[in-house]
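Report on the structure
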Amino acid sequence: KKVNSIAISGKSWLTVGEDYTYSVVYSPAYATPQNAVRWSSENPDIISIDENTGAVTVKKVGSTVIHAQLDDLTDALEVNSNLASIRPTARADKDSVVTIKWDAIKGAVKYEVKHNDVVVQEFVEDGRESYTFVDETYKGAMEKERICYVIYVIGENGDRSGHYEYINIGPANN
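For every chain, the first residue of the written sequence is number 1, and numbering continues from 1 along that sequence. Residues qualify for local features only when their pLDDT is at least 70, as the model is predicted, and side-chain atom pairs are given and counted only at 80 or more; totals for whole chains, interfaces and linings, by contrast, use all residues. Think of the side-chain values as coming from all heavy atoms in the structure, minus any hydrogens and water.

1. Structural notes on the overall build of the protein chain
Scanning the protein chain from terminus to terminus reveals 0 helices and 16 strands. Computed over its C-alpha atoms, the radius of gyration of the protein chain comes to 23 Å, more than 25% above the 16 Å expected for a compact globule of 174 residues. Overall, the protein chain is about 75 × 30 × 25 Å in size when its C-alpha atoms are taken along their principal axes. Looking at the protein chain as a whole, 37% of its 174 residues qualify as buried. Any two residues whose heavy atoms approach within 4.5 Å are treated as being in contact. Taking the contacts inside the protein chain whose residues are at least 6 apart along the sequence as the reference set, 54% of them involve residues at least 24 apart. Computed by Shrake-Rupley with a 1.4 Å probe, the accessible areas treat only the displayed protein chains as cover when residues are assessed. A total of about 10,000 Å² of accessible surface is found on the protein chain, and carbon and sulfur atoms cover 44% of it. Once the 18 positive and 26 negative side-chain charges of the protein chain are each reduced to a mean point, those two points are 4 Å apart. Secondary structure elements follow DSSP: runs of H or I of four or more residues count as helices, runs of E of two or more count as strands, with numbering from the N terminus. As a reference, a globule follows 2.2 Å times the number of residues to the power 0.38, and the radius of gyration itself is taken over C-alpha atoms. Any residue under 20% of the maximum accessible area for its type is buried, any over 50% is exposed, and the rest in between are partly exposed; the area is computed with a 1.4 Å probe on protein chains only. Charge counting follows a simple rule: Lys and Arg are positive, Asp and Glu are negative, and His as well as the terminal groups are ignored. The atom standing in for a charge is NZ when the residue is Lys, CZ when it is Arg, CG when it is Asp and CD when it is Glu.

2. What about the packing of aromatic side chains?
Think of a pair of aromatic rings as described by two things: how far the centres are apart, and how the planes are tilted against each other in angle. When two rings of Phe, Tyr or Trp (its six-membered ring) have centres within 6.5 Å they constitute a pair, described as stacked for plane angles under 30 degrees, edge-to-face for angles over 60, and tilted for the intermediate range. Overall, the coordinates contain 7 aromatic pairs when judged by the stated rule. Both rings, one in Tyr20 and one in Tyr22, keep their centres 5.0 Å apart while their planes meet at 75 degrees; by these two values the pair is edge-to-face. For Tyr22, a relative accessible area of 2% translates into the label buried. An aromatic cluster of three or more residues is present, and its members are Trp102, Tyr111, Phe123 and Tyr131. Cation placement over rings: the criterion is NZ of Lys or CZ of Arg within 6 Å of the ring centroid and within 35° of the ring normal. Against the face of Tyr152 rests Arg160, its NZ or CZ located 4.4 Å from the ring centre.

3. Here we look at unusual backbone geometry
Of note, the amide linkage connecting Ser27 to Pro28 takes the cis form, showing an omega dihedral of 0 degrees. Inspection of the secondary structure puts Pro28 in the loop between strand E4 (23-27) and strand E5 (38-41). Of note, Asn116 is a non-glycine position whose phi angle comes to about 55 degrees, a positive value. Taking relative accessible area as the criterion, Asn116 reaches 59% and is therefore assigned exposed. In this model, Asp117 sits at a positive phi of 60 degrees, which is unusual for a non-glycine residue. Here Asp117 shows up in the loop between strand E12 (108-115) and strand E13 (118-124).

4. Focus on the nonpolar core
Within the largest apolar cluster, 42 residues are counted, with the highest numbers of intra-cluster contacts made by Tyr22, Trp39, Trp102 and Tyr149. Per-element accounting of this core gives the leading share, 4 residues, to strand E15 (residues 145-155). Residue types Ala, Val, Leu, Ile, Met, Phe, Trp, Tyr and Cys, when buried and joined through side-chain atoms within 4.5 Å, form a set referred to as a nonpolar core.

5. A look at the pattern of salt bridges
Salt bridge, as used here: a side-chain nitrogen of Lys or Arg that lies within 4 Å of a carboxyl oxygen of Asp or Glu. This model, assessed by the stated rule, comprises 7 salt bridges. Lys11 is the partner of Glu18 in a salt bridge, and the nearest nitrogen-oxygen pair spans 2.5 Å. Using a relative accessible area of 35% as the deciding quantity, one classes Lys11 as partly exposed. The partner of Lys60 in a salt bridge is Glu156, and the shortest N-O contact between them spans 4.0 Å. One end of the pair, Lys60, is in the loop between strand E7 (55-58) and strand E8 (62-70); the other, Glu156, is in the loop between E15 and strand E16 (160-169), and 96 residues separate them in sequence.

6. Regarding the confidence of the model for the protein chain
Scored from 0 to 100, pLDDT reflects the predictor's confidence in each residue. Considering every residue of the protein chain, the mean pLDDT works out to 90; 98% of them sit at 70 or more. Within the protein chain, E5 carries the highest mean pLDDT (98), whereas E16 carries the lowest (76).

7. Digging into the environment of Asn43
In this fold, Asn43 is placed in the loop between E5 and strand E6 (47-49). Given the relative accessible area of 27%, Asn43 is considered partly exposed. Once the C-alpha coordinates of Asn43 and Ser63 are considered, the two residues, 20 residues apart in sequence, prove to be 7.8 Å apart. Every residue in contact with Asn43, bar those within four places of it in the chain, is listed here: Ser63 and Thr64.

Next up, the structure:
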């Protein structure tokens, strides 16, 4: 049976560095295509796609349109990409020294750690696998307190994604 239409199947949001492969759905469902689907991306600098397999490489933050073509049938899907979220581990030791660690994020050029709306430390992406921030501001704190840090991941275009990290400090918080 001849294919009457095709539809791209896949996600419209991807993360920089993510591996993903698109596919097509044929209509009618029992149709058998005679030729292979050909894939393309309108902006391969952001997301490139293997023309034969539909496998994408997400290179940086932005958006593009992915096209699938089977003979004279086509479909298109707008695809956006963003930076991955960091998943830090944070703790305060018995003396209320705060340590926050996170793994490097593909596509990041810098990380900022903010506390009380002030950047307290910047880390330039330098190829390390992980980063560690240590804050001794509250060392020896006598009062129990819940404090907040915001860790921003910054991409090459200035794109930012933030993660809030709340930490309890004070006596016997370990």
